Amino acid sequence: MRGFMRVLCQNLTKNVQRSRSFHQNQGGGQKSKSIAGLQAAIDLQHSAMSEQCILVDEHDRNLGQISKRECHRVIDGQIPLHRAFSVFLFNARGDMLLQKRSSYKITYPNHYTNACCSHPLYEIEGEREERDALGIRRAAQRRLNHELGIPLHQIRPENMHYLTRIHYKDLGDGVWGEHEIDYILFLQKDVDLNPNKNEISDIRFVSRENYKKEIDALPGELTPWFKLILKHRLPVWWSDLSKLKLHEDLDTIYKFS
């Protein structure tokens, strides 16, 4: 818990310093409002750490619940393995949406990544449904709405294409990291976007023809899961958006490193 609060305080200090610099020629009342807003944004991320994720073994068998805080803490180089998903969203032209995680995020702040990366929650019964990865799809719909503001009717679970699962581990900053069985979901559709500033600080589309150049030019690092998927599989999947069925592998859990 002390490590968690230390990271929160470090993030708050950095954000307050940026706010003071931005408002240095403005009144003190405005500064106070800005600082209070920053604290509120960080408090939202703090409260989300009490959500209950799904603890799994290396075969993705449900072992019960574990808090988001517990399953992202690095202790002696170990992180509990838990269930997650990564959504790759493409517009009708085939361009891929990237988001930049906000500076308020506890894990991997200010990193660029795919459209949405999150977890099914144990306390939501429908998100524990394993048949046809339905629980994962429901969780993805919930988070796409929360993070990107996409209307629920535009992102129905049945429209998401479940491709496969990957297993990866990253120690992050040594305090917070990831260790996940990550379900890969693809969705190609033009949608309405209204990003949640507490979650996302930037969004942009990149084209398949120029993605290497565009990603290399991003003003920020990539999340480890996105970097691994980009390295091992994404270009092949992206080139076959209209034939994704050919790339389905629902029985294998690929270990990426």
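Cut-offs and rules
Residues take numbers from 1 onward in each chain, read along the sequence in its written order. Only residues with pLDDT of 70 or above have their local features reported here, since the model is predicted, and side-chain atom pairs are shown and tallied only from 80 upward, although totals for entire chains, interfaces and linings are computed over all residues. Only hydrogens and water are set aside when side-chain values are computed; all heavy atoms of the structure are taken into account. Geometry of aromatic contacts follows a simple scheme: Phe, Tyr and Trp rings, the Trp one being its six-membered ring, pair when their centres are within 6.5 Å, and the pair is stacked under 30 degrees between planes, edge-to-face over 60, tilted otherwise. A run of DSSP states H or I qualifies as a helix once it reaches four residues; a run of E qualifies as a strand once it reaches two. Both are numbered from the N-terminal end. With a 1.4 Å probe rolled over the protein chains alone, any residue whose accessible area is under 20% of its type maximum counts as buried; one over 50% counts as exposed, and the rest are partly exposed. The rule for pairing is simple: two strands pair if DSSP sees at least two bridges between them. Grouping buried Ala, Val, Leu, Ile, Met, Phe, Trp, Tyr and Cys residues that are joined through side-chain atoms within 4.5 Å yields what is termed a nonpolar core. We call two residues in contact when some of their heavy atoms are within 4.5 Å. pLDDT is a per-residue confidence score from the predictor, ranging from 0 to 100. Residues are called lining when one of their atoms sits within 4 Å of a cavity or pocket point, these points coming from a 1 Å grid over the protein atoms alone, where a cavity is a set in which a 1.4 Å probe fits but cannot get out and a pocket is an open set with protein on both sides within 12 Å along at least five of seven lines. Grid points are joined across faces, edges and corners, and a volume is the space filled by probe spheres set on the points. Classification convention: Asp, Glu, Lys, Arg as charged; Ala, Val, Leu, Ile, Met, Phe, Trp, Tyr, Cys, Pro as nonpolar; all other residues, Gly among them, as polar.

Caption draft 1: Broad picture of the packing of aromatic side chains. In this structure the tally under the stated criterion is nine aromatic pairs. Each ring, one from Y168 and one from W225, has its centre 6.4 Å from the other, and the planes form 45°; the classification is tilted. One end of the pair, Y168, is in strand β7 (residues 161-170); the other, W225, is in helix α5 (residues 224-232), and 57 residues separate them in sequence. An identical accessibility class is assigned to Y168 and W225; each is buried. Taken together, the ring pairs in this structure connect F88, F90, F186, Y211, F226, W237 and W238 into an aromatic cluster.

Caption draft 2: Region of interest: the pairing of strand β3 (residues 82-90). Counting buried residues along β3, nine of its nine residues qualify, which places the element largely inside the surrounding structure. Neither face of β3 is open: one carries H82, A84, S86, F88 and F90, the other R83, F85, V87 and L89, and all of them are buried. Across nine bridges, the pairing between β3 and strand β8 (residues 178-188) is parallel. Residue pairing in the sheet places V87 in a bridge with L185 of β8.

Caption draft 3: Representation of the nonpolar core in the model. Residues F88, M96, F186, F226 and L234 are the most contacted members of the largest nonpolar core, which totals 28 residues. Those elements that provide at least two residues to this core are β3, β4 (96-101), β7, β8, α4 (211-216), α5 and α6 (234-239). Filtering out sequence-adjacent residues up to four positions away, F226 remains in contact with F88, M96, L98, Y112, T113, N114, I215 and L234. In terms of nonpolar packing, the next biggest core, distinct from the first, is built from 25 residues, I136, I155, L187 and V191 among them.

Caption draft 4: Fine view of the confidence of the model for the protein chain. Confidence in the prediction for the protein chain averages 89 pLDDT; 82% of positions are at 70 or higher. Taken as a whole, residues 1-26 scores under 50 in pLDDT and shows 39 contacts with residues more than four places along the chain or in a different chain.

Caption draft 5: Quick peek at the layout of surface pockets. Put simply, the largest pocket is a space of about 360 Å³. Q45, K68, K105, R143 and E199 are the residues nearest the centre of the largest pocket, which is lined by 25 residues in total. At the level of elements, α2 (28-48), β6 (116-118), α3 (134-148) and β8 are the ones that each hand at least two residues to the lining of the largest pocket. For the lining of the largest pocket, the class distribution of residues is eight nonpolar, eight polar and nine charged.

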